[in-house]
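Descriptive analysis of the structure
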Amino acid sequence: MSADSQTLYSQLPSVDTLLRDETFQPLLENYGAQLVTQTLRRLQQQARDSIRVQQQLPAWCENWALAVDHQLSLSQKDALQQVFNLTGTVLHTNLGRALLAEQAIDASVMAMRHSVTLEYDLDGAGRGHRDRAIADRLCELTGAEDACIVNNNAAAVLLMLAALASHKQVIVSRGELVEIGGAFRIPDVMLQAGCELTEVGTTNRTHLKDYRQAINENTALLMKVHTSNYAIQGFTSAVEEAELVTLGRETGVPVITDLGSGSLIDMAAYGLPAEPMPQKLIADGVDLVSFSGDKLLGGPQAGIIVGKRALIEQLQNHPLKRALRCGKMTLAALDATLQLYQQPEKLAQALPTLRHMTRTEAEIHACAERLLPPLQQRFAKQFNVSITPCQSQIGSGSLPVDRLPSIAITLMPHSGKGGELEALSQQCRALSRPVIGRISEGKLWLDLRCLEDEKGLLHALLQELRP
Ligand SMILES: *Cc1c(COP(=O)(O)O)cnc(C)c1O
């Protein structure tokens, strides 16, 4: 070892000395002795490595407390960070889909804090499973006989298939062999559920006779899948549920529908593109309908199955139900969300998802006008900041073709350099509350449809962003 290195090693303070130093007292109070000591040991090792390899101390050795604080604040970041969703996608799967109503949040918090009647009847009637009370509400809302609630809609589809069609044939149109976000593909789910998939018709046209011809003694289900993230246009034909139900009745084969999103309200009444409603399919006689809790419904992640009592009972009694069931926080939030649907007048205000979808262009424009002057002042040197019309989408496999006219603040580098744009977008994502927009046509687009905390956004972009 060189004399120089030896001098450097001797300059490293001991862990005990540092822990006694007054600069460490706030850290000890904040993070506790174990975590601080662990971090300190790791940093000391880094310092020793630096001496060994480069014969020098790292710069941060000048202030050990600051270095530890920096390390800890990086590693103590929550796994789920709050962000501004300015992507223009209201139900963004990667950003957690629906934002819940305050009533649902309160209900969920209550269930976390207190013991609740999850599977307990106060009247001693012994009604059984944890879905009971919510199932009753779902029946009221959809006209179904009974309901079953699981972890998400993918689980709902798996459970329906496994419980009703294992080792049996399920008939699906070739136009409806959907893939939702990579991992969920109808043929793969069939395989997992042990079903034999029989494809009928063609990609663009399927007729009732196609289903009829495929039915045999091993057929367990006729299945419809809502093509929620694509549309087949042009020379097309599909068999509606009502028609399929007639065939199902005739042949004694139940009809099930994976609706994907499914809206309990008539979206058209809110000026939005129409989406199929579970209650309509139940009225058409479909035996089971499944849909998501956190798509258009605007509730927690859940899979909801409504339909015939005898079939729901088979789902409830299947061993997979136990593996796929929801926890109390989810059930509390779902019930509170469904209660809002029983007071439809309040829905558009109470449900953030619906509130964001129904926000008018004029409202969003007014918001953009409030934001523009301070943002222009802050970014004008480097970027052309403007108010630009854009198109939001609902997302999460809801209404794939339809767009909602919206307004964005766009930032375009005067230099026209993509690198500057990427750097800005990167800085926005590095904020303590990251701002997530999207880059297209040489601009960073901040779609304001889902922005409610204008002050918070301005604070992030004006105070926090490095110039
Ligand atoms: C979204 C969707 C699913 C999956 O639902 P999750 O709630 O994401 O599990 C399944 N089928 C269809 C048609 C969908 O749109």
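How each quantity is defined
Residues numbered from 1 in each chain as written. Predicted model: local features only at pLDDT ≥ 70, side-chain atom pairs only at ≥ 80, totals over all residues. Heavy atoms only, no water. UniProt positions renumbered as here; feature names shortened; annotations may be inferred. Helix = DSSP H or I, 4+ residues; strand = E, 2+ residues; numbered from the N terminus. Buried < 20%, exposed > 50% of the residue type's maximum accessible area, 1.4 Å probe, protein only. Pairing = 2+ DSSP bridges. Domains from an automatic or database assignment. Contact = heavy atoms within 4.5 Å. Buried area = accessible area lost by both parts, 1.4 Å probe. Salt bridge = Lys/Arg side-chain N within 4 Å of Asp/Glu carboxyl O. Polar contact = N/O pair within 3.5 Å; in protein donor to acceptor, adjacent residues only side chain to side chain. Nonpolar A, V, L, I, M, F, W, Y, C, P; charged D, E, K, R; others polar. Phe/Tyr/Trp six-rings, centres within 6.5 Å; stacked < 30°, edge-to-face > 60°. Lys NZ or Arg CZ within 6 Å of the ring centre and 35° of its normal. Axes fitted to C-alpha atoms, helices over the stretch in contact; angles between N-to-C directions. Parallel < 35°, antiparallel > 145°, perpendicular 65-115°, else oblique.

We now examine the UniProt feature "domain: L-seryl-tRNA selenium transferase N-terminal" (unreviewed entry) in the protein. Per the UniProt record, the feature "domain: L-seryl-tRNA selenium transferase N-terminal" (unreviewed entry) sits at residues 9-48. Annotated as 80% helix and 0% strand, the span residues 9-48 places its first and last C-alpha atoms 7 Å apart.

Right, let's get into the pairing of strand 15 (residues 443-447). Most of strand 15 sits out of view: five of its five residues are buried. Residues Lys443, Trp445 and Asp447 point to one face of strand 15 and Leu444 and Leu446 to the other, with burial holding for every one of them. By the bridge criterion, four bridges tie strand 12 (residues 404-413) to strand 15 in an arrangement that is antiparallel. Of the residues in strand 15, the one forming a bridge with Ala408 is Asp447. Sheet analysis places strand 14 (residues 438-440) next to strand 15, joined by three bridges and oriented antiparallel. In the sheet register, Arg438 faces strand 15, and the bridge partner there is Trp445. The loop that links strand 14 with its antiparallel partner strand 15 comprises two residues; one of these, Glu441, has a positive phi angle of about 50 degrees.

In terms of domains, the protein is made up of domain 1 (3-76), domain 2 (84-93 + 356-464) and domain 3 (102-350). Taking only C-alpha atoms into account, the centre of domain 2 sits 35 Å from that of domain 3. Facing twelve residues of domain 2, the contacting portion of domain 3 comprises 16 residues. For the pair domain 2 and domain 3, the summed buried area comes to about 1100 Å², and 72% of that belongs to carbon and sulfur atoms. The tally of links between domain 2 and domain 3 comes to zero salt bridges. Inspection of the region where domain 2 meets domain 3 yields zero residue pairs in polar contact (both at pLDDT 80 or more). Tallied by class, the residues present in the side of domain 2 that touches domain 3 amount to seven nonpolar, four polar and one charged.

Turning our eyes to something else, we now look at the packing of aromatic side chains. Within the structure shown, the criterion is met by two aromatic pairs. Ring centres of Trp60 and Trp64 lie 5.2 Å apart, and the angle between their planes is 90 degrees; on these two criteria the pair is classed as edge-to-face. Take Trp60: its relative accessible area is 26%, and that puts it in the partly exposed class. Given the relative accessible area of 7%, Trp64 is considered buried. When the centroid spacing of 6.3 Å and the interplanar angle of 70 degrees are considered together, the rings of Phe379 and Phe383 count as edge-to-face. In this structure Phe379 comes out as buried when scored by relative accessible area, which is 6%. Residue class for Phe383 comes out buried when judged on its relative accessible area of 3%. In this structure, Arg205 is placed above the aromatic ring of Phe235, and the distance from its NZ or CZ to the ring centre is 3.8 Å. Sitting over the face of the ring of Phe379, Arg378 holds its NZ or CZ atom 4.5 Å from the ring centroid.

Packing of helix 8 (residues 153-165) against helix 13 (residues 309-317) leaves a shortest axis separation of 9 Å and a crossing angle of 100 degrees. Taken together, the axis directions place helix 8 and helix 13 in an arrangement best described as roughly perpendicular. Contact with helix 8, carried on its side by Leu159, Met160, Ala163 and Leu164, involves Leu311, Gln314 and Leu315 of helix 13 and no other residues of that element. Per-class residue counts for the contact of helix 8 with helix 13 are six nonpolar, one polar and no charged.

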